[in-house]
Amino acid sequence: LKMNEALAQALVNNLLKNAFVHSPAGGNIEVEITSAGFTIRNTGTTPLDKARIFERFYTADSAHASTGLGLAIVKSVCELYGYAIEYSYADDYHCFDIRTR
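Heads up: these notes are all about the structure in this document. (Residues numbered from 1 in each chain as written. Predicted model: local features only at pLDDT ≥ 70, side-chain atom pairs only at ≥ 80, totals over all residues. Heavy atoms only, no water.)

A short note on the pattern of salt bridges
Formally: Each reported salt bridge corresponds to a side-chain nitrogen of Lys or Arg within 4 Å of a carboxyl oxygen of Asp or Glu. Helix and strand definitions follow DSSP, with helices as H or I runs of at least four residues and strands as E runs of at least two, each counted in order from the N terminus. Relative accessibility under 20% of the residue-type maximum defines a buried residue, over 50% an exposed one, and the middle range a partly exposed one, all with a 1.4 Å probe and only protein chains included.
Scanning the entire structure with this criterion turns up five salt bridges. Among the salt bridges present, the one from Glu-30 reaches Arg-41, with a minimum N-O distance of 3.9 Å. Remark: Arg-41 occurs in strand 2 (residues 37–43) and Glu-30 occurs in strand 1 (residues 29–34); sequence separation between them is 11 residues. A residue is classified by how much of its surface remains accessible, and Glu-30, at 35% relative accessible area, is partly exposed. In this structure, Arg-41 engages Glu-32 in a salt bridge whose closest nitrogen and oxygen atoms are separated by 3.3 Å. Where salt bridges share partners, they join Glu-30, Glu-32 and Arg-41 into one cluster.

Take a look at the structure:
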C-alpha cells in the first residue's frame, strides 16, 4: 500500500492499539501482510457492531477508556486512499482487513 508515512503510522497504530486494548488477558494478536494489503486479528469474546464500529465516538466497551476515534481515523485514511476496510468476527477473533480495491 502506498500512502503518506504519518497517515500509514496512524492507521497501523490505531489498529494495533485497538487489538491490544480489547484482547482479553492471555489473548492473541496476529498480523498478516501481503502485496494487496494487511490483516490484523485479535481474540475477543463477542462480535462488534459492524454497522457502528467505524463511527466517531462509538465505543463498544465502556470498561476501557476510549474516545471512539481510532477506528474512525482508520476508516477515514482508507477512504482517502481508496482502500477497502472490512471487519469480521469468526472463531473468537476480531479481524480488520485492509485491501486495495
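That shown, we press on.
Observations regarding the side chain of Ser-23
Under the convention used in this document: Here a polar contact means two N or O atoms within 3.5 Å. Within protein one must be a hydrogen donor candidate and the other an acceptor candidate, and residues neighboring in sequence count only if both atoms are side-chain atoms. Two residues form a contact once any of their heavy atoms are found within 4.5 Å.
With respect to the secondary-structure elements, Ser-23 resides in the loop between helix 1 (5–22) and strand 1. Under the relative-accessibility criterion, Ser-23 is labelled buried at 16%. For Ser-23, the side chain forms a polar contact with the main-chain oxygen of Ala-19, separated by 2.6 Å. In this structure, Ser-23 is in contact with Asn-28, Ile-29, Asn-42 and Thr-43, ignoring residues within four places of it in sequence.

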